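Architecture at a glance
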Amino acid sequence: MAKLYHVPLSPFCRKVRLSLAEKKIECELIEERYWEKEADFLRRNPAAKVPVLRIDGKTMAESAAICEWIEEKYPEPALMPRSADARYEVRRLVGWFDDKFHSEVTSKLLYERVNKKIMKAGFPDSSNVKSGAKAIKYHLDYMAWLLDHRRWLAGDVMTLADFAAAAHLSALDYISDVDWNRQASVKDWYAKIKSRPAFRSILADQIPGFPPPPHYADLDF
């Protein structure tokens, strides 16, 4: 069985978890306190980051590379379209969420509110939290614009771009940092993806000291 070394609220780990679950690849989840940089973990990934996937005798790091490998090794059900143009758009949006959204929103809200406490790295920086709360509005509006022109974020079918976005938003939703009433189309999109069987383990996550809000696992939120 595959093993995924992860942190439950990490959007990068969640993206890999969603890809594995969508393709029905059984995987043992192992929580890793990567910030402690233990020797065993550093041997698995000298970069000291999660996720790290152990599968088919291989040890792999970097969520984007892992997801692309999963797609190539287990192509069904497909999370990447066939045409070069469509694949480009998926990759562009995965990069958008894992780079721009992460830098402007996730790192400012989730990392300040949760990661700092877990890592014993001090108190939240109020200026960062304020910045993240402002930036997420822009990103939700951009998602709404995309969904006004498409059924899913990258086109007419669900792709890895949707999982990348949902990975970040689900982690932020765990700490009630998403205003689902801002854009009805984004809320409807999230309700669709949240109801997929692949999302079940994500919705079951429980972080000690950080109970989820009542709506977190509610499919009719």
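Residues numbered from 1 in each chain as written. Predicted model: local features only at pLDDT ≥ 70, side-chain atom pairs only at ≥ 80, totals over all residues. Heavy atoms only, no water.

Definition in use: UniProt positions are given in the numbering used here, feature names are shortened, and annotations may be inferred rather than shown by experiment.
The name given to the protein in an unreviewed UniProt entry is Glutathione S-transferase, and the organism recorded there is Salipiger thiooxidans. Looking at the protein in UniProt, the text filed under Subunit (unreviewed entry) is "Homodimer."

Here's the deal with helix H1 (residues 11–22)
Inclusion rule: Every helix listed is a DSSP run of H or I at least four residues long, and every strand listed is a run of E at least two residues long, numbered separately from the N terminus. For a helix, the expected span equals 1.5 Å multiplied by the number of residues minus one. With a 1.4 Å probe rolled over the protein chains alone, any residue whose accessible area is under 20% of its type maximum counts as buried; one over 50% counts as exposed, and the rest are partly exposed.
Taking 1.5 Å of rise per residue, twelve residues should cover 16 Å, and H1 covers 16 Å from first to last C-alpha, within 8% of that figure. Among the residues of H1, Pro11, Phe12, Cys13, Arg14, Lys15, Val16, Arg17, Leu18, Ser19, Leu20 and Glu22 are the ones counted as buried. Where H1 terminates, the next one or two residues include Lys24, which has phi positive at roughly 60°.

Notes on the domain arrangement of the protein
Basically, it comes down to this: Residue ranges assigned to the domains are those given by an automatic or database domain assignment. Working rule for contacts: check all heavy atoms of both residues, and any pair within 4.5 Å makes them a contact. Values labelled buried area give the accessible surface lost by two parts on being combined, using a 1.4 Å probe and summing over both. Think of a salt bridge as a Lys or Arg side-chain nitrogen and an Asp or Glu carboxyl oxygen that are within 4 Å of each other. In the scheme used here, Gly and all other residues not listed as nonpolar or charged are polar, with Ala, Val, Leu, Ile, Met, Phe, Trp, Tyr, Cys and Pro taken as nonpolar and Asp, Glu, Lys and Arg as charged.
Taken as a whole, the protein is organised into domain 1 (1–71) and domain 2 (82–196). Here domain 1 and domain 2 have C-alpha centroids that lie 20 Å from each other. Across the boundary between the two partners, domain 1 contributes 14 residues, which contact 21 residues of domain 2. The junction of domain 1 with domain 2 conceals about 1,500 Å² of combined surface from both sides, 67% of it contributed by carbon and sulfur atoms. Among the residues domain 1 hides against domain 2, the three largest losses belong to Leu9, Pro11 and Lys15. Together they make up 35% of the total. At the junction of domain 1 and domain 2, the tally comes to three salt bridges. Residue Arg196 pairs with Glu22 through a salt bridge whose shortest N-O separation is 2.6 Å. Elements with a contribution of two residues or more to the side of domain 1 that touches domain 2: H1 and helix H3 (63–73). Among the elements that take part in the side of domain 1 that touches domain 2, H1 stands out by supplying seven residues, more than any other. Considering only residue class, the side of domain 1 that touches domain 2 consists of seven nonpolar, two polar and five charged.

Some remarks on the sheet that holds strand E3 (residues 52–55)
Heads up, the condition is: Note on pairing: DSSP must find at least two bridges between two strands before they are called paired. Lines fitted to the C-alpha atoms define the axes, with helices restricted to the stretch that makes contact. Angles between their N-to-C directions range from 0 to 180 degrees.
The mixed open sheet is built from four strands, whose spatial order is E2-E1-E3-E4. With one partner strand each, in any of the chains shown, strand E2 (27–31) and strand E4 (58–61) form the two edges of the open sheet. For this sheet the average axis-to-axis angle between neighbouring strands, irrespective of direction, equals 20°. Bridge count between E3 and E4: four bridges; the pairing is antiparallel. Pairing of Ile55 across the sheet is with Lys58, part of E4. Strand contacts of H3: E3 and E4, with the helix running at about 130° to E4, the strand carrying the most contacts.

Brief notes about the UniProt feature "domain: GST N-terminal" (unreviewed entry) in the protein
Within this structure's numbering, the places UniProt gives as "domain: GST N-terminal" (unreviewed entry) are residues 1–78. End C-alpha to end C-alpha, residues 1–78 measures 21 Å, and it is 37% helix and 23% strand.

Topic: the environment of Arg151
As a reminder, the rule being used: Think of a polar contact as two N or O atoms within 3.5 Å of one another; within protein, one of them needs to be a possible hydrogen donor and the other a possible acceptor, and neighboring residues in sequence only count if both atoms come from side chains.
Positionally, Arg151 belongs in the loop between helix H5 (126–149) and helix H6 (160–174). Here the alpha-carbon distance between Arg151 and Ser131, two residues 20 residues apart in the chain, equals 30 Å. Each residue touching Arg151, except ones within four places of it in the same chain, is listed here: Asp156 and Lys192. Among the polar contacts made by the side chain of Arg151, one reaches the main-chain carbonyl oxygen of Asp156 at a distance of 3.2 Å.

Remarks on empty space enclosed by the protein
Definition in use: The pocket and cavity definitions rest on a 1 Å grid over protein atoms only: a 1.4 Å probe that fits but cannot leave marks a cavity, an open set with protein on both sides within 12 Å along at least five of seven lines marks a pocket, and residues lining either have an atom within 4 Å of a point. Grid points are joined across faces, edges and corners, and a volume is the space filled by probe spheres set on the points.
Per the counting criterion, the structure on display carries one cavity of 30 Å³ or more. Lining the largest cavity are Val7, Tyr34, Trp35, Asn115, Ile118 and Met119. Split by domain, the lining of the largest cavity shows at least three residues from each of two domains, domain 1 (1–71) and domain 2 (82–196).

Looking at the nonpolar core
Basically, it comes down to this: Each nonpolar core is a collection of buried residues, namely Ala, Val, Leu, Ile, Met, Phe, Trp, Tyr and Cys, held together in the definition by side-chain atoms within 4.5 Å.
In terms of nonpolar packing, the biggest core is built from 64 residues, with Leu53, Met143, Leu153, Trp189 and Ile193 touching the most fellow members. In this structure, this core is formed jointly by two domains, domain 1 (1–71) and domain 2 (82–196), each of which donates at least three residues. Those residues within four positions of Trp189 in sequence are excluded, and the remaining contacts are Met143, Leu147, Trp152, Leu153, Asp162, Ala165, Ala166 and Leu169. Counting seven residues, the second-largest nonpolar core is a separate cluster that includes Tyr5, Cys13, Tyr34 and Val52.

With respect to the layout of surface pockets
Here the largest pocket is characterised by a volume of approximately 290 Å³. Along the wall of the largest pocket there are 21 residues; nearest its centre are Ser10, Phe12, Lys49, Val50 and Pro51. Within the residue set of the lining of the largest pocket, elements represented by two or more residues are H1, H3 and helix H4 (84–119). No other element matches H4, which puts five residues into the lining of the largest pocket. Counted by class, the lining of the largest pocket contains twelve nonpolar, five polar and four charged residues. Looking at the lining of the largest pocket, you find at least three residues from each of domain 1 (1–71) and domain 2 (82–196). Considered as a void within the structure, the second largest pocket measures approximately 240 Å³ in volume. Lining the second largest pocket are 13 residues, and of these Pro8, Glu31, Ile118, Ile207 and Pro208 lie nearest its centre. Ranked by residue count, the leading element in the lining of the second largest pocket is H4, at three residues. When its residues are assigned to classes, the lining of the second largest pocket shows eight nonpolar, two polar and three charged.

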